Every structure is written in structure tokens, then in C-alpha cells.
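Chains, contacts and geometry: an overview
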Amino acid sequence: MKRSGDSEGEKRRKRRRLLQELGDQKIPFLGPSDRGFQQLWDSSYSGLVLRKSCSVPPELHGRVQAALLTLRKKGCLLRDLVRVRDRDVFTTVSRALLGEPGHTYRYLDTRLFAIPWHSEDTEVKGQNCCDPDLRAACKALWELNTFFCTDVSQLKEGDRLTQCTKGEAETKQVEEGDTESKHSEDSKNSEGGDSESRQSEEGDTESKHSEEWDIESKHSEEGCSGSKREGEWETGSKHSSEEAESSQVKPSETGVAAGSEHSEGKYPGWSPKTTVGAETEPMGLGTQEKPVAQLKHSLSDHHTEDKEEQASGQGCSQPSPPQVCTGPVKFNVTLLNYMDPAAMSQLKEEPYYGMGKMAVGWHHDENLITHSPVAVYSYSCHDDKGESSEGGSGEKAFWRIGLKVAWDIHTPGLMLPLESGDCYYMRDDLNSTHQHCVLAGDIARFSSTHRVAECSSGTLTYIQSQCQKALSNLHTDPETGSHSLLALLPRTLQHCEEIHNEVEFEWLRQYWFQGQRYARFCSWWTRPMEQLEKDWRLMETMTMLFLATVEEEGQAGEGRRELAETLLSALIDRHQQRQTWRDRCHSSLAQTLPPEEAPVDRPFWGVDDPSMPLPFDLADIINRVESLLWRWAQDVEVRKCALCTRCIHV
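Residues numbered from 1 in each chain as written. Predicted model: local features only at pLDDT ≥ 70, side-chain atom pairs only at ≥ 80, totals over all residues. Heavy atoms only, no water.

**A closer look at the overall build of the chain**
Rules: Where helices and strands are cited, they refer to DSSP runs of H or I of at least four residues and of E of at least two residues respectively, numbered from the N terminus. Each residue is assigned to one of three classes by its accessible area relative to the maximum for its type, calculated with a 1.4 Å probe on protein chains only: buried under 20%, partly exposed between the two thresholds, exposed over 50%. We call two residues in contact whenever any of their non-hydrogen atoms come within 4.5 Å of each other. The Shrake-Rupley method, run with a 1.4 Å probe, gives the accessible areas here. Residue values count only the displayed protein chains as cover.
A tally of helices and strands in the chain yields 14 helices and 19 strands. Out of the 650 residues in the chain, the part that is buried amounts to 56%. When contacts within the chain are restricted to residue pairs at least 6 apart in sequence, long-range pairs at least 24 apart make up 79% of them. Taken as a whole, the chain presents about 27,700 Å² of accessible surface, with 49% of it coming from carbon and sulfur.

This is the structure we're talking about:
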């Protein structure tokens, strides 16, 4: 809920002042070769668990990595055109959603429709919705999902990492440095993060509004065009997806910022086995502790203020109470991401700790069941043939994850390198109390991010049940085929109109905005969306009947006035949203996409379409209802005046 006293501009000015106060100082962070690393992990990042590649079954590696390459080869991994601060931007990360049949995942005003796991025999199910190669790839990722569900459920309190199986790989000893927390030199924040200096209004993937990108709001997402340091301090919102925005600046040296001892060359020989031992020595923060700590109080106050403004859920016509994860883990979707540093022309330095080049900025994963875990499989390869980053590629920089405690500049950050095939889990409340970023390596990387998505309003079953509720108020004469409304209660009609809008804007237009991408690969969603559109057409008829009831001749009573106000509210919302979606479909950014990926403005119909009961443009109807309400209000005033006159004469 917004505080009335603070505008968005005022908040940005506050953040700017705080960041200016921080100046060029870097907050400490620790890597695996630093003294105190294990103690920091145990004390402040205990929800993070690392499973080394060599402890995952080799045959599973083979199937999963082949599946990821197949999906990329078939073109299933695509950049999303998402909504940030009322502007469209492309994600720099290519992605696809796989999961339980009929599930969706929503982020940045974008609903992704899951390609089903294909975990069952398609001949038995009678659904031959995609080719055998794609079906096999989806099934391989379902096997990985099953592995994660079992593995995460078996973890015990205090588990931090899973070692290689005996005899499978020898760990190499890494000497613990006596170095204290790492601080890199100043990160360059050049115009790459502020695309205003380089891009036209909608002519490229970076929007001018990346300058104003406030990661403390719901718009902190992975894969989108770069943001400035100003808007990137903390992501307090739950509405940030697993892949926060990728931050981009002018090209500079790859890897970690100069001055940091976390050069990638130190990590090829690192094994978690050598860092498991308890580290009891305190972590020295040196002379930098005091000035950094001085900022803590003012920053905490500011962030507490922002926390009060965060919304609770996206995409629901009627938000449900938050669910809490209990019992055995069951990941229902995986968001696949593909990132190639060579294709990311400008990567921004991580600005607060000096951890290195960021492919994905600081964020929380969004739209998840409260306290549910997240499991991530990381696969790095040189090319589409799947040549692994392992075996003689020690000079190539590892991809790494960075973690920090949200709303806290006092606790050092944690940086963990990932070899190809490594997995990590974020358990308990780690995702809500901490933030993480992805630090770019030198070669391409896939990630399969398995999660327990909050789908109370995001499944096909849900929206079909909503349609049934709305259409239950529509009677169809079996002989004539004519329609009528069964109930005329304002609350009933309001609920029907809300479902009407939900079907159109959260499902139909979301689906068609992403073009033909789903039908090209998998036809699973084709028939369900056709049926939803048929149901939606019947809801258009219900709105027409609702309008006829409101406009029916006769004296206006309190009940009809309430009906008119209910209808007017729904029509205004529908009219505005249609215009927004129409503008998005015809934006210059949308026009840069190939035809098979370009947004489709659907449903859309002309003014003379006899199959549609109401026009697409609702402006005239809105004016009619407003005029009706105004006339009724005038009648009431006239009657009041007449009554007053009679009283005076008496």
C-alpha cells in the first residue's frame, strides 16, 4: 500500500542520496578461497545448498544437456517482450517454460504458457502434440525435476553441499588465503546502463525507462535491458523473477573488476570439500566497516518504507491468501534460460561488491509459494554442439552466483563459482530474505530453474472453472437459441464481468501477444485456447444483455443505478486495457520480431462484424451509460427541489 506522502520521484531522489553517500566504497564479499567463507555461509546463507556436478548421475547429465541443446536448436528459447514501468522491453535472456500440463508462470505483466513435461506415454494419453525429439527433451527435464524433488526433500538441517560420490572425482586442495574480504576498484557505470544516450524511444531492446528502473518495485526481473545503479539497491519485492534484469554498460575487461583477488583462474581447482571445515576466525572487515555500517540505519528506514508499498500477487482477478510450502517438495514448473555473453554486447559491473560482470542483476524469485525451495541446474557449453566447459578450459571464467542479505549492507556478500553441471538449491526463506545475482562467465550457459510456482490463478483448470461460474448465469433457450441472464444482482453481474476481463486480458491476449511460438513447437494449448475464446464470446453476449437491462426504459431505481455503475466500471477497465494491448501489439519494438514470433492483436474485430454482439471500441457505449447515470442524477435533484418547494408552501 502506497504511502500518501512519498511520490515515486521522491523515492528515487532518496535512493540517489543514499548511493551518493556510499560513494566509491565497496561492501565486502567472500569467495571460496577466502578465510571466513565457510563461517559466513553457515551463519548468513544457510539456506543455500550446492550439489557438485560429479554427485549427479552421469546419465542424467547426458539426457538433460542434450535436451537443453535440442530446445535451443528447435528455437524454443525466445526473448520475451515484457512490460516495465508502462514500457515494453525485450529480455536479453532467451527462455522457455516447461511444467505440469496447463500451468503458467507470470512475471513482468507477461504470462508464460508451459510446454508440458510429456512425462507419460503420449500414445496412451492420445496427445501427439509435438515431435518425438521435443517430447524426449521435455521428458528429460521432467526426470531432472523428479530428481530435484526427491533430493531437496531429503536434505537435512545444516546441509550446505553435496560431495562427489566416492571415487568419482578427486578434490584438489585449495589453500585458504589470509586475505580479508574482497573489494574491487570502482566499477564503471557508463551509458550502457542508461540506454537513453544510445537508443531511440522504442527502437531497441533497451528502453529509456531503464534509467528509472526501480528494483525495489515489482519490476525487477531477469533478462531485461540494463538499469542504473540508482534503481538497483535492493529488491524488496516478491515480484521479481528468477532472472532479474541483466545490467549492461560499456564494454570493459571481462571477469571480475580490477583490484579483486577473485580472478577466475583460482576456481578450476576449487572443491567444496576443502571448504567444509568450520572456520571460527572472525571475518575482518577492516577500515571499511565503519563507513558502510553508518549507512545501515538510514537505508533500513528507507527500505521499510518501500516494503509497505508492495503488492501481493499478480494476474489474479481476486487475489488469494498467500500459500505456504509444507510437506514434500513438488516443483511444478521450470523456467529455462539461455545466456551467451558473446551476444550480450555490454555487461554491467556488479556495483556494490565488485563481484564482476553481471548477466543477471540482484533479485528475488517471484510468484512462488511462500518458503518454497528453488533448484537450479547450470550447464555451460562452448557451442550448440554441447562442448562442455570442463576439460582443458580452465582459462575460461566460471559462471558464478552472488548472494546478499536483503536490506543489509553490513553482512558481507557471498560469491560461489559454478562448474558445468553443478546444481544449487535455495531453501526455506532464503529467497525471500536474500537476493541473488548471476555473474557472467566467458562461455554460453543454460540454466533450468525449478520452482513451486504460485498457481492458484494460473492454471488452465482454474480459468476453465472461472468460465463455468460466469456462464452459469447465462440461459440459452433450447428451441430458439436466444440468450438471457438468470440473475440480475449487482454482485453477481460484477463477478461475471471480472471473469470476462480476466479471460480476455490474462489469458487470450497474453497468449496471442506471444505470437505463434507455442503452436510452432507444441499444439497442447491450441484447443484449450480455442475453447476459452468461445467462452469469452458468450461473455460478450452477457455484457450486451447486461447493457440492455441497464438501458431498459422505465424509471430509474436504486437497483438499476447500482447495475449501471457496476457495468460502467467494467467497461472502462476493458476499454483501457484493450487500447493498451493494441498499442503494445503495434509498437515499433513488436514490429522488429519475425512474423512467427510477432504479437497478434487478438481478439479484434471490425465495427461491422455481425458475429460480435458488441463493438471492440467501447467508447460510445461508455458515453451512453455515463449519460444515463447523469440523467438519473439530475432527476433525483429535480425531485429533491420539488419536495423542498412543497415544504416551503406548506
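**Quick look at the pattern of salt bridges**
Put simply, the rule is: Criterion for a salt bridge: a side-chain nitrogen of Lys or Arg within 4 Å of a carboxyl oxygen of Asp or Glu.
Applying the stated criterion across every chain yields a total of 21 salt bridges. Notably, a salt bridge pairs Asp601 with Arg582, separated by 2.3 Å at the nearest N-O pair. Here Asp601, found in the loop between helix H13 (588–591) and helix H14 (619–649), pairs with Arg582, found in helix H12 (residues 558–585); they are 19 residues apart in sequence, far enough to count as distant. The class for Arg582 is partly exposed, based on a relative accessible area of 26%.

**Here's the deal with the side chain of Arg135**
We apply this condition: N or O atoms closer than or at 3.5 Å make up a polar contact, with two conditions inside protein: a donor-capable atom paired with an acceptor-capable one, and, for residues adjacent in sequence, both atoms drawn from side chains.
Looking at where Arg135 falls in the secondary structure, it is placed in helix H5 (residues 132–154). Judged by its relative accessible area of 16%, Arg135 is buried. Polar contacts involving the side chain of Arg135 include one to the side chain of Asn128, which spans 3.1 Å.

**Overview of the pairing of strand E9 (residues 333–339)**
So the rule is basically this: In short, DSSP must find at least two bridges between two strands for them to pair.
Across the 7 residues of E9, 7 count as buried, placing the element largely inside the fold. Here 6 bridges tie strand E4 (residues 87–99) to E9, and the two strands are oriented antiparallel to one another. Bridge pairing links Arg95 to Asn337 in E9. Across 7 bridges, the pairing between E9 and strand E17 (residues 444–451) is antiparallel.

**A word on the side chain of Arg445**
By secondary structure assignment, the location of Arg445 is in strand E17. On the basis of relative accessible area, Arg445 is assigned to the buried category, the value being 1%. A polar side-chain atom of Arg445 sits 2.9 Å from a polar atom in the side chain of Ser378. Discounting residues that sit within four places of it in the chain, Arg445 has contacts with Asn337, Tyr338, Met339, Val376, Ser378, Tyr379, Ser380, Trp399, Leu418, Tyr424 and Val438.

**Section: the pairing of strand E13 (residues 399–405)**
The side chains of a regular strand alternate, residue by residue, between the two faces of the sheet. Of all the 7 residues making up E13, 7 are buried; the element is thus mostly covered by neighbouring parts of the structure. Going residue by residue along E13, you find Trp399, Ile401, Leu403 and Val405 tucked away on one face and Arg400, Gly402 and Lys404 tucked away on the opposite face as well. Of the pairings in the sheet, the one linking E13 to strand E14 (residues 413–418) comprises 5 bridges and is antiparallel in character. For Arg400, the partnering residue across the bridge sits in E14 and is Pro417. Sheet topology places E13 next to strand E16 (residues 434–439); 6 bridges connect them, and they run antiparallel. From the neighbouring strand, Ile401 faces E16, where its bridge partner is Val438.

**Let's talk about the nonpolar core**
The condition that has to hold: We define the nonpolar core as a collection of buried residues of types Ala, Val, Leu, Ile, Met, Phe, Trp, Tyr and Cys that are connected through side-chain atoms lying within 4.5 Å of one another.
Counting 121 residues, the largest nonpolar core has Leu48, Leu141, Phe148, Tyr425 and Val625 as its most contacted members. It is H5 that contributes the most residues to this core, 10 residues altogether. Every residue in contact with Leu141, bar those within four places of it in the chain, is listed here: Val64, Ala67, Leu68, Leu71, Leu98, Trp117, Leu336, Ser448 and His450. Counting residues in hydrophobic clusters, the runner-up holds 11 residues, among them Tyr353, Met415, Cys437 and Leu439.

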